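The residues making up each chain are set out below.
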Amino acid sequence: MYVITYSLRKDEPNSENFYNTVAVFTDEVLIEAGGLLADITEDYYAFLAEGKEELPAKEELPAKEEVILELLMLGILWRVYSGDAMKLGEASGRMLTSLSEIRQDAGRFKPGVDFLKGIMSTLFLSPDLYDNMLAADPDTNHFNMLLLWLEATGEFKQEVKRLRKWQKFLESIPHAKAVDTLESIFALTLWFEVRTNEVLGTFTPNVDRYLNEIRPERYWHEDVIFCGRRRLEYHLNMVGAEIMNRTYRKAFLNKKRKIILLPACMRILPAGKCRAKAVGGAYQCSECSVECSVGRVTKLGKKYGVEVIIVPHESSISNSGNDLIFEEDTGVIGVACVLNLISGGWMLKERGIPAQCVLLDYCGCKNHWHDEGLPTDINLNQLIRIMSGK
Ligand code: SF4
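Residues numbered from 1 in each chain as written. Predicted model: local features only at pLDDT ≥ 70, side-chain atom pairs only at ≥ 80, totals over all residues. Heavy atoms only, no water.

Undergrad: Where do I start with the nonpolar core in this structure?
TA: As a rule of thumb, soluble globular proteins bury nonpolar side chains together. Grouped together as the largest cluster of nonpolar side chains are 111 residues, with contacts concentrated most on Phe192, Met238, Ile260 and Trp369. In terms of residue count, helix α3 (residues 64-85) provides more of this core than any other element does, 13 residues in total. Among the domains, domain 1 (16-238) and domain 2 (254-388) are the pair contributing at least three residues each to this core. Residue contacts for phenylalanine 192: discarding those within four places in its chain leaves Phe25, Val29, Leu72, Ile76, Leu232, His235, Leu236 and Val239. (Core = buried A, V, L, I, M, F, W, Y, C linked by side-chain atoms within 4.5 Å. Buried < 20%, exposed > 50% of the residue type's maximum accessible area, 1.4 Å probe, protein only. Helix = DSSP H or I, 4+ residues; strand = E, 2+ residues; numbered from the N terminus. Domains from an automatic or database assignment. Contact = heavy atoms within 4.5 Å.)

Undergrad: Would you explain the side chain of threonine 140 in this entry?
TA: When you line up the elements, threonine 140 lands in helix α6 (residues 140-153). Excluding residues that lie within four positions of it along the chain, threonine 140 makes contacts with Leu170, His175 and Ala178.

Undergrad: Mind showing me how you'd approach the domain arrangement of the chain here?
TA: Many analyses report the size of an interface as the accessible area lost when the parts associate. In terms of domain boundaries, the chain breaks down into domain 1 (16-238) and domain 2 (254-388). A separation of 25 Å is found between the C-alpha centroids of domain 1 and domain 2. With 23 residues of domain 1 at the interface, the matching set in domain 2 holds 21 residues. Carbon and sulfur atoms make up 59% of the surface buried where domain 1 meets domain 2, a total of about 2,300 Å² over both sides. The largest share of the area that domain 1 buries against domain 2 comes from Tyr19, Phe226 and Asn237, three residues that together contribute 30% of it. At the boundary of domain 1 with domain 2, the tally comes to 3 salt bridges. With a shortest N-O distance of 3.1 Å, glutamate 16 and arginine 385 are connected by a salt bridge. There are 9 residue pairs in polar contact (both at pLDDT 80 or more) connecting domain 1 and domain 2. Of all elements in the fold, only α1 (16-36), α3, α7 (157-171) and α10 (231-253) reach the threshold of two or more residues within the side of domain 1 that touches domain 2. (Buried area = accessible area lost by both parts, 1.4 Å probe. Salt bridge = Lys/Arg side-chain N within 4 Å of Asp/Glu carboxyl O. Polar contact = N/O pair within 3.5 Å; in protein donor to acceptor, adjacent residues only side chain to side chain.)

Undergrad: Help me out: how do you make sense of helix α13 (residues 341-350) in this one?
TA: Residue pairs spaced three or four apart in an α-helix point in one direction, given the helix's 3.6 residues per turn. In terms of burial, α13 is a largely internal element, 9 of the 10 residues being buried. Every buried residue of α13 is accounted for by Leu341, Ile342, Ser343, Gly344, Gly345, Trp346, Met347, Leu348 and Lys349. Immediately downstream of α13, the backbone of glycine 352 shows phi near 80°, a positive value.

Undergrad: For this particular structure, what's the right way to read a nonpolar patch on the surface?
TA: On the surface, Leu123, Phe124 and Trp220 cluster together into a nonpolar patch covering about 310 Å² of accessible area. In this fold, leucine 123 is placed in helix α5 (residues 110-124). (Patch = residues over 30% accessible without salt bridge, like charges linked within 9 Å, V, L, I, M, F, W, Y side chains within 5 Å. Areas by Shrake-Rupley, 256 points an atom, 1.4 Å probe, with all protein chains shown as cover.)

Undergrad: Hey, could you run me through the site of the ligand in this one?
TA: Around the ligand, 13 residues are found, and the nearest of them are Cys274, Ala276, Cys285, Cys288 and Cys292. Of the residues belonging to the shell around the ligand, the class tally is 7 nonpolar, 3 polar and 3 charged. (Near = heavy atom within 4 Å. Nonpolar A, V, L, I, M, F, W, Y, C, P; charged D, E, K, R; others polar.)

Undergrad: Sorry if this is basic, but what is going on with α1 here?
TA: Relative to the 30 Å expected for 21 residues at 1.5 Å per residue, α1 spans 31 Å between its end C-alpha atoms, a close match to the ideal helical length. If you check which residues of α1 are buried, you get Phe18, Tyr19, Thr21, Val22, Phe25, Thr26, Val29, Leu30, Ala33 and Gly34. Looking at the packing, one finds that the buried side of α1 touches α2 (38-50), α3, α8 (175-199), α10, β6 (355-359) and α14 (380-388). (Expected span 1.5 Å × (residues − 1).)

Undergrad: What's the story with the environment of glutamate 65 in this structure? I'm lost.
TA: The residue glutamate 65 is located in helix α3 in this model. In this structure glutamate 65 comes out as partly exposed when scored by relative accessible area, which is 33%. Here the alpha-carbon distance between glutamate 65 and isoleucine 119, two residues 54 residues apart in the chain, equals 38 Å. Setting aside residues up to four positions removed in sequence, glutamate 65 forms contacts with Leu30, Ile243 and Thr247.

Undergrad: Any chance you could explain the pattern of salt bridges here in plain terms?
TA: Pairing is possible between side chains that carry opposite charge, provided their charged atoms lie close to one another. Following the criterion strictly, the structure yields 25 salt bridges and no others. One salt bridge connects glutamate 193 with arginine 79, and the closest N-O pair in it is separated by 2.6 Å. Here the residue glutamate 193 occupies a position in helix α8, and arginine 79 occupies one in helix α3, the gap between them amounting to 114 residues. Residue arginine 79 is classed as partly exposed on the basis of its relative accessible area of 22%. Linking aspartate 208 and arginine 231 is a salt bridge whose minimum nitrogen-to-oxygen distance equals 4.0 Å. On the criterion of sequence distance, the pair formed by aspartate 208 in helix α9 (residues 207-214) and arginine 231 in helix α10 is long-range, its members being 23 residues apart. Judged by relative accessible area, aspartate 208 falls into the partly exposed class, the value being 34%. A single network of salt bridges, built from pairs that share partners, joins Arg103, Lys110, Asp114, Lys117 and Glu222.

Right, dumping it as structure tokens:
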């Protein structure tokens, strides 16, 4: 099978080996990070407890595992993007951030906004420098510049919200201690990079090839940053999905109504031929083909009393008018490409919805990864384990 960037199956018929591997490895990550960052985690809890009113209404104090995930995310985004962030002027950054905000509600003007965003992102966010990954020195001022860069991309909204809290935390402690804190986080990041290359690298065999050979075709496109994610970010999302599944599992299982959100790229037939019915801003499958992964999941969902909804794009999930998804007492199983998992889970949490993730076994959508679009698929055993709570 042609692997664009990642494959959870490798040469095997399914991704069982991946799910076993990532579960064992996540235990190792939590032990390593729990030891290295114990003091930071404790100080952060104390900081949050003091200013609890700053937490969004539906959020409680994050679980320890979630704090570790945020610290890993901080270290990895710093490692990958802080070098580029040092080169972004404030005016260009603010302009790009405004453009990303306009894009959200651009309606019929979206193609024009995307065109402009593609040009500006390629020019000002320096994607051609990724290979060097020259991280900036640990410093709270550099942290500000990284946040400006991340905001300017429009790709890291949930991550930035969490990093803003860490920024406030670092500003609340003496400068020397803040630098020490960042250095400890970077030590964990380096360990994570080495270990994930050893343990999870086998599932991301073509990311570097894609970045070097195919990704330049995405220059000047709106998704130039999204398609340029590094291997380290794939690995972060793999471990992050496992951490989120553990952290939100109980809350998810306690919900009365459960739904599965499937990406449109799983359909075997293209939009004009697929017989899914439009419902609100989403679609419901009519099971027209036994060969279609969406049809198979829909059948399975009926067996377990779980609704199945096809969403055209991740952004359509966050649409506040999407009443199908944001009903009271709902838990969501989100199926997505590896790169969308953490932000999707946090976005749902922000809306008071506990999410469980199932990764697409590989990416292939026409929007970003493949000219004709490869129908994508998931591990049904993993879906059953999540639906049945086993
Ligand atoms: S099985 Fe469902 S999702 Fe697949 S092509 Fe038919 S209607 Fe569309």
